[in-house]
Amino acid sequence: MNTIYIRTLKRAEHTVFNVSDGQKYYFDSQFGRRIPYSSGQQVKRSLVDALCETINQIPSPTTFLFDVTKQKELKEGEVYATCDPTYADQLFGGWMKASKGGKERTLKRRSPLSISAMRALHPLLAGLDSENASFDRSDRPNNKVIIRDEKGNQLNEEEIVSLLEEKDRSISRKWIPNNSRATGLFVFDVAIDLRRLFSVSINQLEPEMSDETIEKLKVEGWIESENVFGKCLVAPKALREKWIPGLAKAIINWRITSNQSRTFSLMDTLALSISDNANLIAGSIRAKLSEEDSRKADPIVDESINGVDTFVTLQAGAYIHTKSEKVDALESAEKTLVALMKAFDYENQLERE
């Protein structure tokens, strides 16, 4: 087994995944509905944040470059990471550092984690609620109000009162239009490429690391090996034993950590499936149109597919017909994922082929 596939079903209530002029959504043309979603990049960022928290490691530093123009103004330059796999967020998240010419080479590592967007299990099982919310402090007499004229000059109290006589509005209340919230059943998928999970290529024709980083890793005990992608360095076993449980916990227990300051939902997990077969895992957690009503869909968690381990939590019974809900379902899923990742022979990949 070279790849582990994980499908997770979550329940969200009246929440915001991703803010860009309100909750992000796409339009489903078949069912004519706006469907909220969280991008794969946001899921990945939240997952990596959870990983760093679990293993108690500060994420890698980011370098921001600026250029000074002839007018003495700052011009935005590129942003790049450390390109150092001794940071867990770099090893599992990948990196890109573009060359600006000279002796520097472009460094890039594709993440061994492929992560989908978190989207509706079915277009009829999730949706958006919109409302016009308000930020109201009109009951407080000590509010400070600043109004400026077209020249930027601040108006005094008499000028403000005079101005408001001609306008029917409050200055201690702000309206928030199109305040969208997401509710429903959502699913996302993760594929873990075990061949590259703890292996970093040292092929200098398509470099992933600088020569300095390669030498540093060798000193720190990284093992020279070779896989189907060429010569590589493999993280030492002690590091793998420490980071595998952290990665498993992060994949199963992450929460959205960005763009959610206005609202909160537990986004609890209802079911999770693990397999080495992408086609089978797609059928383990799915939806089916109702035979009686084509505008209704039923969520399905199939617990009997051979080759798929499915774990169902207690709260799933409120939304799906299930038989094997367990209080420790996610803990069991975590142990299964840890066992699968530890069983892979990272150091002798070509021999096992």
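Structure's up top.
Let me sum up the structure you'll find in this document. Model, not experiment: these values are computed from the prediction.

### Focus: the overall build of the protein chain
Right, on to step 1. For the protein chain, the count of helices and strands is nine helices and 18 strands.
Right, on to step 2. Expressed as a percentage of the 353 residues in the protein chain, the buried residues total 45%.
Right, on to step 3. In the protein chain, the share of contacts with a sequence separation of at least 24, taken over all contacts with a separation of at least 6, comes to 71%.
Right, on to step 4. Looking at the protein chain as shown, the accessible area adds up to about 20,000 Å², and 47% of this sits on carbon and sulfur atoms.

### Some details on the pattern of salt bridges
Right, on to step 1. By the definition in use, this model includes 15 salt bridges.
Right, on to step 2. Between E13 and R11 there is a salt bridge; the shortest N-O distance is 3.3 Å.
Right, on to step 3. Judged by relative accessible area, E13 falls into the partly exposed class, the value being 45%.
Right, on to step 4. Here R11 falls in the buried class, since its relative accessible area comes to 16%.
Right, on to step 5. K218 is the partner of E224 in a salt bridge, and the nearest nitrogen-oxygen pair spans 3.9 Å.
Right, on to step 6. Judged by relative accessible area, which is 56%, E224 ranks as exposed.
Right, on to step 7. Residues participating in the shared-partner salt-bridge network are R7, R119 and D189.

### As for the side chain of T3
Right, on to step 1. Within the fold, T3 resides in strand 1 (residues 3–15).
Right, on to step 2. In contact with T3, not counting residues within four places along its chain, are A191, I192, S275 and D276.

### A few points about the sheet that holds strand 13 (residues 223–227)
Two orientations exist for strands paired in a sheet by backbone hydrogen bonds: parallel and antiparallel.
Right, on to step 1. The sheet built from three strands is open, its strands ordered 12-14-13 with antiparallel pairing. At either margin of the open sheet sits one strand with a lone partner, and together these are strand 12 (199–201) and strand 13. Neighbour-to-neighbour, the strand axes of the sheet open up by a mean angle of 40 degrees, direction not taken into account.
Right, on to step 2. Here strand 12 pairs with strand 14 (residues 230–234) via three bridges, running antiparallel. From the neighbouring strand, S199 faces strand 14, where its bridge partner is V234.

### What to know about the packing of aromatic side chains
Right, on to step 1. Overall, the coordinates contain six aromatic pairs when judged by the stated rule.
Right, on to step 2. For the ring pair Y26 and Y37, a centre distance of 6.1 Å and an interplane angle of 50 degrees mean the geometry is tilted. Placement of Y26 in strand 2 (residues 25–28) and of Y37 in the loop between strand 3 (33–36) and helix 1 (40–55) is noted, with a sequence separation of eleven residues between them.
Right, on to step 3. With relative accessibility at 31%, the residue Y26 sits in the partly exposed group.
Right, on to step 4. Between F92 and F198, the ring centres sit 5.5 Å apart and the planes meet at 85 degrees, which makes this aromatic pair edge-to-face. In this pair, F92 is assigned in helix 2 (residues 88–93) and F198 in the loop between helix 4 (194–197) and strand 12, connecting sequence segments 106 residues apart. In this structure, F92 and F198 share a single accessibility class: buried.
Right, on to step 5. Put simply, the rings of F92, F198, W243, F344 and Y346 touch in pairs and so form one group of aromatic residues.
Right, on to step 6. Over the ring of W254 we find K10; its NZ or CZ atom is 5.3 Å from the centre of that ring.

Rules of the game
Residues numbered from 1 in each chain as written. Predicted model: local features only at pLDDT ≥ 70, side-chain atom pairs only at ≥ 80, totals over all residues. Heavy atoms only, no water. Helix = DSSP H or I, 4+ residues; strand = E, 2+ residues; numbered from the N terminus. Buried < 20%, exposed > 50% of the residue type's maximum accessible area, 1.4 Å probe, protein only. Contact = heavy atoms within 4.5 Å. Areas by Shrake-Rupley, 256 points an atom, 1.4 Å probe, with all protein chains shown as cover. Salt bridge = Lys/Arg side-chain N within 4 Å of Asp/Glu carboxyl O. Pairing = 2+ DSSP bridges. Axes fitted to C-alpha atoms, helices over the stretch in contact; angles between N-to-C directions. Phe/Tyr/Trp six-rings, centres within 6.5 Å; stacked < 30°, edge-to-face > 60°. Lys NZ or Arg CZ within 6 Å of the ring centre and 35° of its normal.

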